[in-house]
Amino acid sequence: MADHHAIHVGGVRLAYQVSGPSDAPPLVMLHALGEDARDWDIVTPVFARSRRVFALDLRGHGRSDWPGEYSLQLMRDDVLGFLDALALDRVDLVGHSMGGIVAYLLAEDCPRRVDRLVLEDVPIPRPREQTTPTRPEGKLTFDWEMVLAIRRQIDTPDVEWLQRLSRITAKTLVVAGGSRSHVSQDGIAELARRVPHGRVVTIPAGHLIHQSRPMEFAQAVLTFLGAEEPCPALEA
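Residues numbered from 1 in each chain as written. Predicted model: local features only at pLDDT ≥ 70, side-chain atom pairs only at ≥ 80, totals over all residues. Heavy atoms only, no water.

Engineer: Quick rundown of the pattern of salt bridges? Include the residues and the values.
Structural biologist: Taken as a whole, this structure holds 14 salt bridges when the rule is applied. Arg76 is the salt-bridge partner of Asp77, the closest N and O atoms lying 3.0 Å from each other. Relative accessible area serves as the criterion here: at 38%, Asp77 is assigned to the partly exposed category. A salt bridge links Asp155 to Arg128; the shortest N-O distance between them is 2.6 Å. Of the two residues, Asp155 is situated in helix α4 (residues 144-155) and Arg128 in the loop between β6 (114-120) and α4; the sequence distance between them amounts to 27 residues. The partly exposed category is assigned to Arg128, whose relative accessible area is 35%. Via salt bridges that share partners, Arg76, Asp77, Glu108, Asp109 and Arg164 belong to a single interconnected network. (Salt bridge = Lys/Arg side-chain N within 4 Å of Asp/Glu carboxyl O. Buried < 20%, exposed > 50% of the residue type's maximum accessible area, 1.4 Å probe, protein only. Helix = DSSP H or I, 4+ residues; strand = E, 2+ residues; numbered from the N terminus.)

Structure representation (structure tokens):
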């Protein structure tokens, strides 16, 4: 069972869930656009057997503040401030989609803070066709203005993000979703090639790998992290 906490970083309240032994190696998990820490609930119990798992609500999402100012760089800085506030000097970092972009930006800029990096179906930072998303009906668990701001950055990323992938020193596992994913799989393969210690594993589940194939995802990540125990069965 995860404990719920919150901490202020640079004036922004960041909510997070924590589980696992307090003396275990830290594993920080960053969700996709429009999700929050609960999105990891299906796999967190597995990781928490051998890791101290921290799952954040990034700014504009869930129980964290919705401050009205959004960028992937600000999210990166929030995560770095979170690590500093909790005295987490060096961590393993997992990011899905948008959370993966935040993760590799942090690993580019602060390589010594990340030991191992897992990027789940994360797009390579190249310009892509811009589209205007349609706001879902009803009450949202995220700030719609955040979605618009972040989508603009994903569609037209900073050219330096691609160049600086070579600065990542963390051993990196890129988990691709295969042909069912809307993310370019050729781009994912190139992203892995540009990271000096990157490699790809494909789980043909589409974009939501950890939701669609939680056992396979958890096993791939645990193997990469060097877990000695086999992945236990997940509850249905």
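Engineer: Account for the side chain of Ser71, with residues named and values stated.
Structural biologist: Within the fold, Ser71 resides in the loop between β4 (52-56) and α2 (72-85). The residues contacting Ser71, other than those within four sequence positions of it, are Ile150 and Gln153. (Contact = heavy atoms within 4.5 Å.)

Engineer: Summarise the nonpolar core; cite the residues concerned and give the values.
Structural biologist: Core analysis: the largest hydrophobic core is formed by 54 residues, its most contacted members being Leu30, Leu72, Phe82, Tyr104, Leu117 and Leu191. Here the element with the most residues in this core is helix α3 (residues 98-109); it accounts for eight residues. Counting residues in hydrophobic clusters, the runner-up holds 24 residues, among them Ala48, Ala220, Val221 and Leu225. (Core = buried A, V, L, I, M, F, W, Y, C linked by side-chain atoms within 4.5 Å.)

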